[in-house]
Amino acid sequence: RSDLEFLEMAIQDMNTFTQPVPGDRHRERLAVVVADALDLARDNVRKAKLDPAPVTVQVDVPESIVVEIARHQIVMALANVLKNAFEAFVVSGGTLVEGRIEITAALAGAHVKIVVRDNGQGMSSEEARGPLLLTPGRRNKTKKQSTGYGLPIAARNLAAHGGTLALESQEDEGTAVTMTLPLVSN
């Protein structure tokens, strides 16, 4: 049964990855988009039969930042990154241990820089900097339910908006994912 559920998840992720990103963009307050993505990430963690409560999340996203986006795609990108951050605290017993996730956003020229930083298990330097990091289907060996599409979907959705995704990680110290999006031009 769990193999069938995993296969269904993988097919759904493959389908999501191959769908074009809608061209319709709307002005959205980034703080609201981040809050919705965090709710979705927590829901996804619960669906994986994990309790997100031991992980403290600190959000510092100014209410004044507005981006023009296809909302669903950016919420999904952020939720995938946040779900990975929560999963950085999974221990062998299949539970989450105490940890911290910080979500910050700041203006950087004509872009906004969003950083999701955790103090979880991190990745080895080979894994974090390898050429396959954003390759669809590349599975993380430490996550039983990883389909390998979360980060590639996030990077693709950000790129379709003129943004970027970069990752820095150190084993046993944590991971920082930096995403950029263009600001709304007046």
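Our subject is the structure listed above.
Please read these numbers as outputs of a predicted model, since none were measured by experiment.

A positive phi is found at Lys49, a non-glycine position, where the angle reads about 65 degrees. Judged by relative accessible area, which is 72%, Lys49 ranks as exposed. In this model, Asp172 sits at a positive phi of 65 degrees, which is unusual for a non-glycine residue. Of note, Asp172 is situated in the loop between strand S6 (164-170) and strand S7 (174-182).

Once that is clear, we can look at helix H3 (residues 71-87). A rise of 1.5 Å per residue sets the reference length of H3, with its 17 residues, at 24 Å; its end C-alpha atoms lie 24 Å apart and thus fit the reference within 8%. A large share of H3 lies buried, amounting to 13 of its 17 residues.

Relative to the elements of secondary structure, Pro152 occurs in helix H5 (residues 150-160). What makes Pro152 buried here is its relative accessible area of 5%. Pro152 sits 75 residues away from Ala77 along the chain, and the two C-alpha atoms are 9.0 Å apart.

One can find Glu63 in the loop between strand S2 (55-60) and strand S3 (66-69). Separated by 34 residues in sequence, Glu63 and Arg29 have C-alpha atoms that sit 6.6 Å apart. Among all residues touching Glu63, those that are not within four sequence positions of it are Arg29 and Ala31. Polar contacts involving the side chain of Glu63 include one to the side chain of Arg29, which spans 2.7 Å.

Interaxial distance between helix H2 (residues 30-47) and H3 falls to 8 Å at its minimum, and their mutual angle equals 50 degrees. Classed by the angle they form, the pair H2 and H3 counts as oblique. Handedness of the crossing formed by H2 with H3: right-handed. Contact residues: H2 offers Val32, Val33, Val34, Asp36, Ala37, Leu38, Leu40, Ala41, Arg42, Asn44 and Val45, while H3 offers Arg71, Ile74, Val75, Leu78, Ala79, Leu82, Lys83 and Phe86. Looking at the contact of H2 with H3, its residues break down into 14 nonpolar, 1 polar and 4 charged.

Quick look at the nonpolar core now. Counting residues in hydrophobic clusters, the biggest one holds 43 residues, and the most contacted among them are Leu30, Phe86, Ile101, Ile103, Leu165 and Met179. Here the element with the most residues in this core is H3; it accounts for 9 residues.

Taken together, the side chains of Glu126, Glu171, Asp172 and Glu173 define an acidic patch exposed on the protein surface. Within the fold, Glu173 resides in the loop between S6 and S7.

In this section: the pairing of strand S5 (residues 111-118). Examined bridge by bridge, strand S4 (residues 99-108) and S5 share 8 bridges and lie antiparallel to one another. Across the sheet, Ala106 pairs through a bridge with Lys113, a residue of S5. Where S4 folds back on S5, the antiparallel hairpin that results is connected by 2 residues, among which Gly109 adopts a positive phi of roughly 70 degrees. The pairing of S5 with S7 spans 8 bridges and is antiparallel. Across the sheet, Lys113 pairs through a bridge with Thr180, a residue of S7.

Reading across the sheet, the 5 strands line up as S2-S4-S5-S7-S6 and stay open at both edges, with mixed pairing between neighbours. Strand pairing shows two members of the sheet lacking a second neighbour, S2 and S6, which therefore form its edges. For this sheet, the mean angle separating the axes of adjacent strands, direction not counted, is 15 degrees. The pairing of S6 with S7 spans 7 bridges and is antiparallel. Within S7, the residue paired with Ala166 across the bridge is Thr178. Those strands touched by H2 are S2, S4 and S5, and its axis lies near 165 degrees from that of S2.

The rules we used
- Every chain's residues receive numbers from 1 upward, in the order its sequence appears when written.
- Totals for whole chains, interfaces and linings use every residue, but because this is a predicted model, local features are given only for residues with pLDDT of at least 70 and side-chain atom pairs only at 80 or more, for both listing and counting.
- Just so you know, side-chain values use all the structure's heavy atoms and leave hydrogens and water out.
- Accessible area is worked out with a 1.4 Å probe on protein chains only. A residue is then buried under 20% of its type maximum, exposed over 50%, and partly exposed in between.
- For the purposes of this entry, the term helix denotes a DSSP run of H or I that reaches at least four residues, the term strand denotes a run of E that reaches at least two, and both are numbered from the N terminus.
- Under the convention used throughout, the expected extent of a helix is 1.5 Å for every residue step, that is, one less than its residue count.
- The contact definition used throughout considers only heavy atoms, calling two residues in contact when any of these lie within 4.5 Å.
- Polar contacts, as counted here, are pairs of nitrogen or oxygen atoms within 3.5 Å of one another; within protein the pair requires one atom able to donate a hydrogen and one able to accept it, and residues that are adjacent in sequence qualify only if both atoms are side-chain atoms.
- Each axis is a line fitted through C-alpha atoms, taken for helices only over the stretch in contact, and angles between the N-to-C directions span 0 to 180 degrees.
- Oblique is the label for any angle not covered by the other classes, which are roughly parallel (under 35 degrees), roughly antiparallel (over 145) and roughly perpendicular (65 to 115).
- Handedness of a crossing follows from how the near helix is turned relative to the far one, being left-handed for an anticlockwise turn of less than a right angle and right-handed for a clockwise one.
- In the scheme used here, Gly and all other residues not listed as nonpolar or charged are polar, with Ala, Val, Leu, Ile, Met, Phe, Trp, Tyr, Cys and Pro taken as nonpolar and Asp, Glu, Lys and Arg as charged.
- Remark: nonpolar core denotes a set of buried residues (Ala, Val, Leu, Ile, Met, Phe, Trp, Tyr, Cys) joined through side-chain atoms within 4.5 Å.
- Patches were defined on residues exceeding 30% relative accessible area and lacking a salt bridge, with like-charge contacts within 9 Å and nonpolar side-chain contacts (Val, Leu, Ile, Met, Phe, Trp, Tyr) within 5 Å.
- In these tables, accessible area is a Shrake-Rupley quantity obtained with a 1.4 Å probe, and a residue counts as shielded only by the protein chains included in the view.
- Any Lys or Arg side-chain nitrogen found within 4 Å of a carboxyl oxygen on Asp or Glu counts as a salt bridge.
- Residues scored as charged are limited to Lys and Arg (positive) and Asp and Glu (negative), so that His and the chain ends carry no count.
- Think of each charge as sitting on NZ of Lys, CZ of Arg, CG of Asp or CD of Glu.
- One requirement defines pairing of two strands: DSSP has to find at least two bridges between them.

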